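Survey of secondary and tertiary structure
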Amino acid sequence: AILAPIVVVALAEQFDWRNAFFFTMIPGLILAGFVWKIMREPEAQDADGQAFATELHEGHSRSDISTVLRNRNVMLGVTMFTGFMIFAMVFQVYSPLYLTTVHGLSPTVMSFVMASFGVGAALWGFTVPLISDYIGLDTMLMIAESMTDALGERFRAPQTLRKLVEAGHLGRKS
């Protein structure tokens with residue numbers, strides 16, 4: 001998500017888009033070969049350490065699967081994941097087109113903009129929680145309140161953060 005837009009656009013400009021898409025298969029095939037070579041399925045064991053792999057190979061009935069799918073949390077997770085994947089695919093497919101046709105960006109500039117989305121997602125998903133845990137949730141709440149004062153209501157801290165701070169759960173700091 002970080003380097004792919006830059007590399008694919010460079011390949012497309014050098015060759016053409018169709019060949020560039022074929023080049024994108026190479027890292028996936030390398031990773032698939034690596035996983036196939038390195039990963040081994042462990043033998044299934046129960047809590048006492050007794051193997052029951054033969055029972056797993058016999059398969060499950062449809063009633064077992066329907067029992068799992070009746071669980072509210074499973075269906076909620078499946079629904080949320082489906083919605084996120086639709087968003088991610090639509091974003092990846094139409095953002096480059098939107099940036100080049102509507103905003104008039106060159107393919108090279110567009111590739112750097114798309115790469116910045118990848119960097120932002122990586123930093124936001126990993127670094128921000130790490131920093132907030134380190135500096136404390138009370139400090140994050142103070143920062144959010146300052147942003148609300150300066151930039152408006154869209155930066156208001158969630159009520160969950162307020163409740164955590166009020167309860168004394170401040171992260172690693174506490």
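Scope of this entry: the structure provided in the associated data block. (Residues numbered from 1 in each chain as written. Predicted model: local features only at pLDDT ≥ 70, side-chain atom pairs only at ≥ 80, totals over all residues. Heavy atoms only, no water.)

1. As for the nonpolar core
The biggest cluster of nonpolar side chains holds seven residues, and these are L137, L141, A144, A157, L161, V165 and L170. Contributions of two or more residues to this core are made by α8 (137–151) and α9 (159–166). Looking at which element gives the most residues to this core, the answer is α8, with three residues. (Core = buried A, V, L, I, M, F, W, Y, C linked by side-chain atoms within 4.5 Å. Buried < 20%, exposed > 50% of the residue type's maximum accessible area, 1.4 Å probe, protein only. Helix = DSSP H or I, 4+ residues; strand = E, 2+ residues; numbered from the N terminus.)

2. Brief notes about the layout of surface pockets
Each pocket or cavity is described by its volume, and for the largest pocket that value is around 640 Å³. Taken together, the elements giving at least two residues each to the lining of the largest pocket come down to α1 (4–14), α2 (17–23), α6 (72–101) and α7 (107–135). At eight residues, α6 tops the list of elements feeding residues into the lining of the largest pocket. Residue composition of the lining of the largest pocket, grouped by class: 18 nonpolar, four polar and no charged. Reported here for the second largest pocket is a volume of approximately 420 Å³. Together, 15 residues line the second largest pocket, and W124, V128, M140, A144 and L161 are the ones closest to its centre. At the level of elements, α7, α8 and α9 are the ones that each hand at least two residues to the lining of the second largest pocket. For the lining of the second largest pocket, the element with the highest residue contribution is α8, accounting for five residues. (1 Å grid on protein atoms, 1.4 Å probe; cavity = no way out; pocket = protein on both sides within 12 Å on 5 of 7 lines; lining within 4 Å. Points joined across faces, edges and corners; volume = space filled by probe spheres on them. Nonpolar A, V, L, I, M, F, W, Y, C, P; charged D, E, K, R; others polar.)

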